[in-house]
Amino acid sequence: MAETTTQQPFTGWDKPDLDLSNADWRSGSQGAGDVQIAFVEGFIAMRNAGKPGSPSLIFTPAEWRAFVVNARDGEFDLT
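All values derive from a computational prediction rather than experimental measurement.

Cut-offs and rules
Residues numbered from 1 in each chain as written. Predicted model: local features only at pLDDT ≥ 70, side-chain atom pairs only at ≥ 80, totals over all residues. Heavy atoms only, no water. Pairing = 2+ DSSP bridges. Helix = DSSP H or I, 4+ residues; strand = E, 2+ residues; numbered from the N terminus. Salt bridge = Lys/Arg side-chain N within 4 Å of Asp/Glu carboxyl O. Phe/Tyr/Trp six-rings, centres within 6.5 Å; stacked < 30°, edge-to-face > 60°. Buried < 20%, exposed > 50% of the residue type's maximum accessible area, 1.4 Å probe, protein only. Core = buried A, V, L, I, M, F, W, Y, C linked by side-chain atoms within 4.5 Å. Contact = heavy atoms within 4.5 Å.

1. Quick notes on the pairing of strand β2 (residues 35-40)
Strand direction decides the pairing type here: strand β1 (residues 26-27) and β2, joined by 2 bridges, are antiparallel. Residue pairing in the sheet places S27 in a bridge with Q36 of β2. Here β2 runs beside strand β3 (residues 43-48); their pairing, made up of 6 bridges, is antiparallel. Along β3, the bridge assignment pairs A38 with A45.

2. Things to note about the sheet that holds β3
Paired through backbone hydrogen bonds, the strands of a sheet run either parallel or antiparallel to each other. If you walk across this open sheet you meet the 4 strands as β1-β2-β3-β4, and the pairing is antiparallel. Looking at which strands have only one partner, the edges of the open sheet turn out to be β1 and β4 (57-59).

3. Notes on the pattern of salt bridges
Within this structure, the stated rule accounts for 1 salt bridge. R26 is paired through a salt bridge with D24; the nearest N and O atoms lie 3.5 Å apart.

4. Some words on the packing of aromatic side chains
Applying the stated criterion across every chain, the model contains 4 aromatic pairs. Ring centres 6.3 Å apart and planes at 20° place the aromatic pair F59 and F67 in the stacked group. Note on F59: relative accessible area 17%, which makes it buried. Between W64 and F67, the aromatic rings sit 5.4 Å apart at their centres with planes inclined by 40°, giving tilted as the arrangement. Residue W64 and its partner F67 are located together in helix α1 (residues 61-72), separated by 3 residues, close to a single helical turn. Each member of the aromatic cluster is reached from another via a ring pair, and the members are F59, W64, F67 and F76.

5. Describing the nonpolar core
Membership of the largest hydrophobic core is limited to 9 residues, which are L18, L20, A23, W25, A38, V40, F43, A45 and I58. Where this core is concerned, the elements lending two or more residues are β2 and β3. Here A23 is in contact with A38 and V40, once residues within four sequence places are set aside. Listed in part, the 6 residues of the second largest apolar core include M46, F59, W64 and V68.

Just distances and angles here, no functional claims.
Printed below as a string of structure tokens:
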């Protein structure tokens, strides 16, 4: 069974049902990170490396860019 994104539970959900079975997952910490990302069909998929079978988050390029820019600016820092 091919790994795909989960069912689309939200009204107005505009993300495709991507086939992630052959995705090239990359870790942020040289393979030791808890989060992995993959670039698939023009979208960015993010998953929990410790639970690779759990649902993946799917971002458009614009959403991903906004997330990265804000993370670099410290918007999500907890301290």
